[in-house]
Amino acid sequence: MTLADQFQNMPKLMKVSEVADFTGTHERTVRRWIRDGRLGAVEHPNGLRVPRRALWRFLGLDLALSA
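Computed from a predicted model, the values in this text were never measured in an experiment.

What counts and what doesn't
- Residues numbered from 1 in each chain as written.
- Predicted model: local features only at pLDDT ≥ 70, side-chain atom pairs only at ≥ 80, totals over all residues.
- Heavy atoms only, no water.
- Pairing = 2+ DSSP bridges.
- Helix = DSSP H or I, 4+ residues; strand = E, 2+ residues; numbered from the N terminus.
- Buried < 20%, exposed > 50% of the residue type's maximum accessible area, 1.4 Å probe, protein only.
- Arc of directions from axis to C-beta.
- Contact = heavy atoms within 4.5 Å.
- Axes fitted to C-alpha atoms, helices over the stretch in contact; angles between N-to-C directions.
- Lys, Arg positive; Asp, Glu negative; His and termini not counted.
- Salt bridge = Lys/Arg side-chain N within 4 Å of Asp/Glu carboxyl O.
- Polar contact = N/O pair within 3.5 Å; in protein donor to acceptor, adjacent residues only side chain to side chain.

A. Focus on the pairing of strand β3 (residues 47-51). As paired elements, strand β1 (residues 13-15) and β3 share three bridges and run antiparallel to each other. Paired with Leu13 across the strands is Pro51, a residue of β3. Where strand β2 (residues 42-44) lies against β3, three bridges are found, and the strand directions are antiparallel. Within β3, the residue paired with Glu43 across the bridge is Leu48.

Structure, rendered in structure tokens:
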């Protein structure tokens, strides 16, 4: 599966727990990234959500999609 395929298969807005699972970190770490402004997130009626594009950019993979 290519990076572009992985990106397309991810939900457009990810839960903090989904981001933690994807990155292999703890939810508290993801929340700290958001609080520190390193990872973009939006308020959702059911809690914080991270746009997949923001996660890709945070991981430095956005350049791989445009290549």
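B. Up close: helix α2 (residues 16-23). Every buried residue belonging to α2 is among Val16, Val19 and Ala20, and all of these are buried. Relative to the axis of α2, the buried residues are bounded by an arc of 100° and lie together on one face. Lining the buried residues of α2 we find β1, α3 (27-35), β3 and α4 (52-58). After α2 finishes, the residue Gly24 shows a positive phi value of roughly 70°.

C. Just the sheet that holds β2, in detail. Across the sheet, three strands lie side by side as β1-β3-β2; this open sheet has antiparallel pairing. Each having just a single partner strand, β1 and β2 make up the two edges of the open sheet. Going from strand to strand, the sheet's axes swing by 50° on average, the running direction of each strand aside. Each of β1 and β3 touches α2; the most contacted strand, β1, lies at about 85° to it.

D. Region of interest: the side chain of Arg52. Mapped onto the elements of the fold, Arg52 is located in helix α4. An unpaired buried charge is present at Arg52: no salt bridge exists, and Asp5, the closest side chain of opposite charge, is 11 Å distant. Of note is the side chain of Arg52, whose polar atom sits 2.9 Å from the backbone oxygen of Met10. In this structure Arg52 touches Phe7, Gln8, Met10, Pro11 and Lys12, once residues within four positions along its chain are discounted.

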